[in-house]
Amino acid sequence: MAFSEEDFQVMDSIIKRYPRSRSAIMPLLHYVQSKAGYITNEGIEVIAKVLQLEAAEVTAVSTFYTQYKPTPVGEYHVGVCTNTLCAVMGGDAIFNSLKDHLGIGNDEVTVDGKVSLEHIECNAACDYAPVVMANWEFYDNQTVQSAKDLVDAMRAGNPPAPTRGPNTLGTWKEASAVLAGINDGKANEGLQAGTPTLLGLKLSKEGK
Amino acid sequence: MTKLVPVLSAHWDEKDSFTIEAYTRNGGYKASKKALAMDPDAVIQLVKDSGLRGRGGAGFPTGMKWGFIPQGDNKDHYLVVNADESEPGTCKDTPLLLANPHVLIEGCIIASHAIRAKHAFIYIRGEVTHVVRRLNQAIEDAYKAGHLGNGIELVLHVGAGAYICGEETALLDSLEGFRGQPRLRPPFPAIAGLYARPTVVNNVESIASVPAIIENGAEWYQAMGTEKSKGTTLYSLSGHVNNPGQFEAPLGITLREILDLSGGIRNGHSLKFWTPGGSSTPLFTAEHLDVPLDYEGVSAAGSMLGTKALQIFDETTCVVRAVLRWTEFYKHESCGKCTPCREGTWWLVQILRDLENGKGTEADLAKLLDLCDNIMGRSFCALGDGATSPITSSIKYFREEYIAHLTLGACPFDPVASTLFEGASK
């Protein structure tokens, strides 16, 4: 894909957020993923051009961070937390069953391009374990069955809403745009907090 | 019995708690108005007097950190908030920011004024799309309301999946547009931080605690907590408990008290081991239920308060499996800059995998401890140190269990028994 004049304007506005232009490299990489779906060679060249860097310098940064994908991921990228707590609580079972169910391994994509799978590290939602992320939105308190249902719904094109997130699950590219700092107008959607988050406050109001 | 005291979490149960309307309705942005009318040094003094200490793990006094910034040096100063919450078990800043992003923004305004910074950054991990949305919207709304943009600029910087960027100097390199690798200190960020300028790096919860301190005064804050650990903090309870969640209490509450008020270990099971503050803090067992969870209490008992991430594991959990998994995490997240951490964590994983599978010998335990000894304190940052914590502490408390793996030639535990949906996956 070619980057349009409008894309270059957006990239310029991202660069202007920072006192020094090189700091914009990470949001620009997220922006490239929002356009191309992954970090393409063309995307690297474009970032190098707008930041006046060598392509190798941009690649060096891109390859350090696991969220920047060197190859295409699915429209819905599913991350199963298999760090200790989630793994023990069921994350290992969920991850293994999804691999079987989808017929793909870690860091692989289904043939229809709909779902990709990754085992992820702690995603800061341990009180909602086991946790599954889709395009980095929370799907809390998952079971083997609920996770299978989730990916089936993705492949059918109608995934359920995240448990703590917007009213609908966006695509990988749409999520990448949000991570690049582009407002999609969905900030006010969804819960302010789930039940575990509110437990201490509730108990305190009961006099504890 | 210590009582819960919601300060940060006081309004989280209001449906629109994350909006600027709700925040203002509940008295928000009064503290920043008050602070901006104060001399910056007076703000620093007030935060010093409050006794607030860093909530990101190390517990360094926040006001003192601010006081290290050289004044009148005609250099740009920066405030950087560490929202890269990634320490396994830690899940406090993420719900805080989902429920109330404005309290962090107001804290940033106050802290920037105090350290005479015109630019502030929030470095948030990239794997939380909705939190990024909420924070960016909140920043936009704060600009529109005139809280930002009048001398203080605030930028949200989104990371991309590297645990190491929670380490403050790696975070700064990452924010400058480089691979996130730690820097050798000194110089400390207070002298040469972001763009080699004086910089304060604070955790989300530390900065979010500041507005209430300005509003209610240092004495109010001082009156909560213990002798050297003042105020309230968020304790995050997870794992094999009936009711996991966030519990805001004065520092010094015990795990026994939190379990008593929240509903205890899951029914029919008993506590085996737990972390007081994330996976980098040495494990505790049932004998530590009454340790006061403040900086001094946890330290005296041989661990660290860390991020107050209370991960609870019952008797169905294999400690070797748990430790192996954490070790795989450290190996994966080691940035590779320092040899002891890069190579050491790799070898730790090899040996632990064998032990979990019942292969290897008892001599491997000594080898593990020797490796830990050669990793500890020998790298630029504390990632490698953290990797040794679960290993050395688990061998200290559960050596017999390691040996049982070797005797049996396999792991003696059934992983299904420890799942939340026990048996449901069969």
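Just so it is clear, the structure is predicted and the values come from calculations on it, not from any experiment.

**Student:** Sorry if this is basic, but what is going on with the overall build of chain B here?
**Tutor:** Scanning chain B from N- to C-terminus turns up 18 helices and 9 strands. For chain B, the C-alpha radius of gyration of 22 Å lies close to 22 Å, the compact-globule estimate for 426 residues. For chain B, the C-alpha atoms occupy an extent of roughly 70 × 45 × 40 Å along the three principal directions. In chain B, buried positions account for 61% of the 426 residues. Sequence-distant contacts in chain B: of pairs separated by 6 or more residues, those separated by 24 or more amount to 72%.

**Student:** Even after reading the chapter, I still don't get the interface of chain B and chain A, so can you show me in this structure?
**Tutor:** As a measure of interface size, the accessible area lost when the parts come together is often cited. At the junction of the two partners, chain B supplies 77 residues and chain A supplies 66 residues. Breaking the side of chain B that touches chain A down by element, the ones donating at least two residues are helix 5 (93-99), helix 7 (129-144), strand 3 (153-158), strand 5 (232-239), strand 6 (245-250), helix 13 (255-262), strand 9 (309-314) and helix 15 (319-333) of chain B. Of all the elements, helix 7 of chain B adds the most residues to the side of chain B that touches chain A, at 8 residues.

**Student:** Which parts of the structure should I look at to understand the domain arrangement of chain B?
**Tutor:** All names here are of chain B. Once the domains are mapped, chain B shows domain 1 (20-219), domain 2 (232-314) and domain 3 (319-416). Taking only C-alpha atoms into account, the centre of domain 1 sits 35 Å from that of domain 3. Taken together, the contacts link 10 residues of domain 1 with 8 residues of domain 3. Per-class residue counts for the side of domain 1 that touches domain 3 are 6 nonpolar, 2 polar and 2 charged.

**Student:** What is the right way to read the sheet that holds strand 3 (residues 115-120) of chain A from this model?
**Tutor:** Remark on secondary structure: sheet strands pair via backbone hydrogen bonds, oriented parallel or antiparallel. Residues and elements named next belong to chain A. The 5 strands are arranged 2-3-1-4-5 in an open sheet whose pairing can be described as mixed. With one partner strand each, in any of the chains shown, strand 2 (108-109) and strand 5 (137-139) form the two edges of the open sheet. In terms of strand pairing, strand 1 (residues 76-81) meets strand 3 through 6 bridges, oriented parallel. The partner of Gly79 across the bridge, within strand 3, is Glu118. Its contacts with the sheet place helix 5 (residues 84-102) against strand 1, strand 3 and strand 4 (132-134), and it is angled at close to 140° to strand 1. Helix-sheet contacts for helix 6 (residues 144-156) involve strand 1, strand 3, strand 4 and strand 5, and the interaxial angle to strand 3 is about 145°.

**Student:** How should I be thinking about the nonpolar core in this particular structure?
**Tutor:** Grouped burial of nonpolar side chains is what soluble globular proteins tend to show. Val80 and Val81 of chain B are the most contacted members of the largest nonpolar core, which has 193 residues in total. By residue number, the principal contributor to this core is helix 5 of chain A, which donates 10 residues. With residues near it in sequence (within four places) discarded, Val81 of chain B still touches Leu104, Cys108, Phe121, Ile122, Tyr123, Asn202, Val204 and Ile207 of chain B.

**Student:** Help me understand the domain arrangement of chain A, please; the structure alone is not making it clear to me.
**Tutor:** Each assigned domain of chain A is listed with its residue range as follows: domain 1 (5-62) and domain 2 (76-171). Each of domain 1 of chain A and domain 2 of chain A was reduced to a C-alpha centroid, and the two centroids are 29 Å apart.

**Student:** Could you clarify how one ought to interpret the sheet that holds strand 3 of chain B in this entry?
**Tutor:** Residue and element names in this part refer to chain B. The 4 strands lie next to each other as 3-2-1-4, forming an open sheet whose pairing is parallel. The open sheet has two edge strands, strand 3 and strand 4 (199-203), and neither has a second partner. When the angles between neighbouring strand axes are averaged without regard to direction, this sheet yields 20°. By the bridge criterion, 5 bridges tie strand 1 (residues 78-83) to strand 4 in an arrangement that is parallel. Bridge assignment links Leu79 to a residue of strand 4, and that residue is Val200. Each of strand 1, strand 2 (119-124), strand 3 and strand 4 is contacted by helix 6 (residues 101-115), which is oriented at about 150° to strand 1, the strand it contacts most. On top of the sheet, helix 7 reaches strand 2 and strand 3; it is set at about 165° to strand 3, its chief contact.

**Student:** What is the right way to read unusual backbone geometry from this model?
**Tutor:** Note: most peptide bonds trans; most residues except glycine with negative phi. The amide bond that connects Ala129 of chain A to the next residue, Pro130 of chain A, takes the cis arrangement and shows omega of -5°. Here Pro130 of chain A is to be found in the loop between strand 3 and strand 4. Going from Pro186 of chain B to Pro187 of chain B, the amide bond is cis rather than trans, its omega being 5°. With respect to the secondary-structure elements, Pro187 of chain B resides in the loop between helix 8 (168-175) and helix 9 (189-192).

**Student:** Would you explain the packing of helix 7 (residues 172-179) of chain A against helix 7 of chain B in this entry?
**Tutor:** Their axes nearest at 9 Å, the elements helix 7 of chain A and helix 7 of chain B cross at an angle of 40°. When the interaxial angle is binned, helix 7 of chain A and helix 7 of chain B end up oblique. For the pair helix 7 of chain A and helix 7 of chain B, the crossing hand works out as left-handed. Between helix 7 of chain A, through Ala175, Val178 and Leu179 of chain A, and helix 7 of chain B, the contact on the second element is made entirely by Thr129, Val132 and Arg133 of chain B.

**Student:** Got a minute to help me understand the pairing of strand 2 of chain B in this structure?
**Tutor:** Consecutive side chains along a regular strand alternate between the two faces of the sheet. All names here are of chain B. By the criterion of burial, strand 2 is predominantly enclosed, with 6 of the 6 residues buried. Residues of strand 2 alternate between two faces, with His119, Phe121 and Tyr123 on one and Ala120, Ile122 and Ile124 on the opposite face, all of them buried. Bridge count for strand 2 against strand 3 is 6 bridges, and the pairing is parallel. The residue bridging His119 from the neighbouring strand is Glu153, located in strand 3. Each parallel crossover has a hand, and for strand 2 linked through helix 7 to strand 3 it is right-handed.

**Student:** What's the story with the environment of Phe95 of chain A in this structure? I'm lost.
**Tutor:** Looking at the element boundaries, Phe95 of chain A is found in helix 5. In contact with Phe95 of chain A, other than residues within four places in its own chain, are Val80, Thr82 and His119 of chain A.

Quick notes on the rules
Residues numbered from 1 in each chain as written. Chains lettered and ligands numbered in written order. Predicted model: local features only at pLDDT ≥ 70, side-chain atom pairs only at ≥ 80, totals over all residues. Helix = DSSP H or I, 4+ residues; strand = E, 2+ residues; numbered from the N terminus. Rg over C-alpha atoms; globule rule 2.2 N^0.38 Å. Buried ≥ 20, exposed ≤ 12 C-beta atoms within 10 Å, placed from the backbone. Contact = placed C-beta atoms within 7 Å. Domains from an automatic or database assignment. Nonpolar A, V, L, I, M, F, W, Y, C, P; charged D, E, K, R; others polar. Pairing = 2+ DSSP bridges. Axes fitted to C-alpha atoms, helices over the stretch in contact; angles between N-to-C directions. Core = buried A, V, L, I, M, F, W, Y, C linked by C-beta atoms within 7 Å. Parallel < 35°, antiparallel > 145°, perpendicular 65-115°, else oblique. Left-handed = near helix turned anticlockwise from the far one by under 90°. Right-handed = clockwise from strand over helix to strand, strands pointing away.

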